[in-house]
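Residue-level structure breakdown
If you want the building blocks of each chain, they are given just below.
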Amino acid sequence: MKILVTGGAGFIGSHTCVELLNSGYEIVIADNFSNSKPEVLNRLTAITRKPFDFCEADIRDRVAMDAIFDRFDIGAVIHFAGLKSVGESVEKPLEYYSHNLNATFTLCESMEKHRVGCLIFSSSATVYGSPDTAPVREDFPLGPTTNPYGETKLMQERILRDLESAGVLDSVYLLRYFNPIGAHESGLIGEDPNGIPNNLLPYISKVSVGKLPYLSVYGNDYPTPDGSGIRDYIHVVDLARAHVAALRCALKKKGTHVYNIGTGRGYSVFEIIAAYEKATGRKVPYVVTDRRPGDVAVSYSDPSLAEKELGWKAEYGIERMCVDADRWQTKNPDGYETIKDKFFQY
Ligand code: NAD
Ligand code: WQD
């Protein structure tokens, strides 16, 4: 039995593939490299020294998906593939609704046809919209979401619940990630955004090494102790391990299950700057600007349900997240396009 990982060449998918391979699972990655690079596959081999299957395919392509399910004995699917930029989704809502929903429709149609009933889905804390209080529990009200990207996550959650209720799928595990950051300790895989990063940590990493001049801190007038926004940052390797824990449960326990995947601890933007400076010994120049529209003041998880039911808990703290993010940045100044012999060998 193999595990199909859609979007397995991406940031979270690649780290999850490492943890799956190291836990003894056989995997098939399906990715169209729309937001990743083929080089990541060499890095997965270098880290794990284990074989895996790869299919260059668009999840929205029904013929390609059927061919994957025909060729391999797939027992479960971990579904990462999709578009994920909040700002871009506001500019191109049709593209986001069409892409993300059609990817899930096509995947589920193919799963139904091939009688594969187990799905783990990448959801997001964004489905909670602007929660009134923190920590956020899974039973908090959902929405209204603040952007089309977030709405596609909420819609996909609803669709997948309905498919499970109707018996099209047997196990649906919805993992609501908070703010994934960091990189694998090898420095071989990490987050490689196209162009100028939108998210805090990739931006800080580039400022820290001088690739960008300074960080803009989006607001210091929030009702938080230092005025900047508070988030629940989680090491991507911890997040990857949450998928392995969810998979183990999903293969045994049917039904729809929802879990927050975070550390349960919030850090402000200023605390993150300080942690990054401490971890690297380099200053992170910043200026304070206006708030970014749509941002909430405080968002952090109550992750206790995942601990109770999946037996999973985040292990890494903020220092480790910053050290690993910096190792990835400094070893790969141009991401996966870095000429490898110049910086490292594997
Ligand atoms: P990513 O863009 O690095 O990875 C997504 C991968 O899917 C990429 O390799 C891309 O090439 C591939 N892909 C996209 N559309 C595809 C398609 N139609 N067919 C085949 N492959 C396709 O993103 P990520 O940060 O690793 O996020 C993975 C998932 O987790 C996404 O669904 C995202 O919405 C969700 N998520 C991410 C975050 C975050 O902060 N990174 C937070 C919450 C949820
Ligand atoms: C974190 C904090 C910003 C950049 C986003 C998506 C969410 C999820 C994770 C996918 C906030 C501040 C940021 C900068 C800053 N993705 N900031 N200067 O907005 O919590 O979540 O990624 O599902 O859906 O919305 O993450 O990293 O963008 O911001 O001051 O240049 O850093 O205001 O307080 P966010 P982020």
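Residues numbered from 1 in each chain as written. Chains lettered and ligands numbered in written order. Predicted model: local features only at pLDDT ≥ 70, side-chain atom pairs only at ≥ 80, totals over all residues. Heavy atoms only, no water.

**Some thoughts on the site of ligand 1**
- Taken together, 27 residues sit near ligand 1, with I12, D31, N35, S36 and Y149 positioned nearest.
- Separating an oxygen atom of ligand 1 from a side-chain N or O atom of D31 is a distance of 2.6 Å.
- Contact with the protein chains hides 95% of the accessible area of ligand 1, taken as 810 Å² for the molecule alone.
- Sorting elements by how many residues they give to the shell around ligand 1 places strand β5 (residues 118-124) first, with three residues.
- Within the shell around ligand 1, the residues separate by chemical class into 11 nonpolar, 11 polar and five charged. (Near = heavy atom within 4 Å. Polar contact = N/O pair within 3.5 Å; in protein donor to acceptor, adjacent residues only side chain to side chain. Areas by Shrake-Rupley, 256 points an atom, 1.4 Å probe, with all protein chains shown as cover. Helix = DSSP H or I, 4+ residues; strand = E, 2+ residues; numbered from the N terminus. Nonpolar A, V, L, I, M, F, W, Y, C, P; charged D, E, K, R; others polar.)

**Focus on the environment of D290**
- Topologically, D290 is positioned in the loop between β13 (286-289) and β14 (298-299).
- You can call D290 exposed: its relative accessible area is 65%.
- Those residues in contact with D290, other than ones at most four positions away along the chain, are Y218 and G219. (Buried < 20%, exposed > 50% of the residue type's maximum accessible area, 1.4 Å probe, protein only. Contact = heavy atoms within 4.5 Å.)

**Quick notes on the packing of aromatic side chains**
- Tallied over the entire structure, the rule returns four aromatic pairs.
- Relative to Y259, the ring of Y173 has its centre 6.1 Å away and its plane inclined at 35°; by these criteria the two rings are tilted. Separated by 86 residues along the polypeptide, Y173 in strand β6 (residues 171-177) and Y259 in strand β11 (residues 255-261) bring together distant segments of the chain. When sorted by exposure, Y173 lands in the same class as Y259, which is buried.
- A cation over a ring is seen here: R320 above Y316, with NZ or CZ 4.2 Å from the ring centre. (Phe/Tyr/Trp six-rings, centres within 6.5 Å; stacked < 30°, edge-to-face > 60°. Lys NZ or Arg CZ within 6 Å of the ring centre and 35° of its normal.)

**Some points on unusual backbone geometry**
- Here A134 and P135 are connected by a cis peptide whose omega angle stands at 5°.
- Structurally, P135 is set in the loop between β5 and α6 (148-165).
- Look at the link from G143 to P144: it is a cis peptide, with omega at -10°.
- The phi angle at F33 is positive, at roughly 60°, despite the residue not being glycine.
- Phi at R115 takes a positive value of approximately 55°, unusual for a residue other than glycine.
- Within the fold, R115 resides in the loop between α5 (93-113) and β5.

**Considerations on the pattern of salt bridges**
- What the rule picks out here adds up to 24 salt bridges.
- The salt bridge partner of K211 is D334, with a shortest N-O separation of 3.1 Å. Here D334 lies in the loop between α11 (318-331) and α12 (340-343) and K211 lies in the loop between α7 (200-208) and β8 (215-218), a separation of 123 residues in the sequence.
- Judged by its relative accessible area of 41%, K211 is partly exposed.
- Between E277 and K283 there is a salt bridge, and its shortest N-O distance comes to 3.6 Å. (Salt bridge = Lys/Arg side-chain N within 4 Å of Asp/Glu carboxyl O.)

**A short note on the sheet that holds β5**
- Spatially, β3-β2-β1-β4-β5-β6-β11 is the arrangement adopted by the seven strands of the open sheet, whose pairing is parallel. Edge positions in the sheet fall to β3 (53-56) and β11, since each of these pairs with one other strand and no more. If you compare each strand with its neighbour and ignore which way they point, the axes differ by 15° on average. (Pairing = 2+ DSSP bridges. Axes fitted to C-alpha atoms, helices over the stretch in contact; angles between N-to-C directions.)

**Observations concerning empty space enclosed by the protein**
- Tallied over the full model, the rule gives one cavity of 30 Å³ or more.
- Its boundaries defined by the atoms lining it, the largest cavity holds a volume of some 160 Å³.
- If you go around the largest cavity, you meet 15 residues; those closest to its centre are E191, P202, S205, W328 and Q329.
- Elements represented by at least two residues in the lining of the largest cavity include exactly α7 and α11.
- In terms of residue class, the lining of the largest cavity is made up of seven nonpolar, five polar and three charged. (1 Å grid on protein atoms, 1.4 Å probe; cavity = no way out; pocket = protein on both sides within 12 Å on 5 of 7 lines; lining within 4 Å. Points joined across faces, edges and corners; volume = space filled by probe spheres on them.)

**Side note on the packing of α7 against α11**
- Relative orientation of the contacting elements α7 and α11 amounts to 55°, with a least axis distance of 10 Å. Taken together, the axes of α7 and α11 are oblique relative to one another. In terms of crossing hand, the pair formed by α7 and α11 is right-handed. Counting all contacts with α7, which are made through L201, S205, K206 and S208, the residues of α11 involved are A325, D326 and Q329.
- Its residues assigned to classes, the contact of α7 with α11 shows two nonpolar, three polar and two charged. (Parallel < 35°, antiparallel > 145°, perpendicular 65-115°, else oblique. Left-handed = near helix turned anticlockwise from the far one by under 90°.)

**Here's the deal with the nonpolar core**
- Formed by 49 residues in total, the largest nonpolar core has its most connected members in I27, I261 and L310.
- It is helix α8 (residues 236-250) that provides the largest number of residues to this core, a total of 10 residues.
- Setting aside anything within four residues of it in sequence, one finds I27 in contact with I3, V5, C17, L20, L21, F52 and D53. (Core = buried A, V, L, I, M, F, W, Y, C linked by side-chain atoms within 4.5 Å.)

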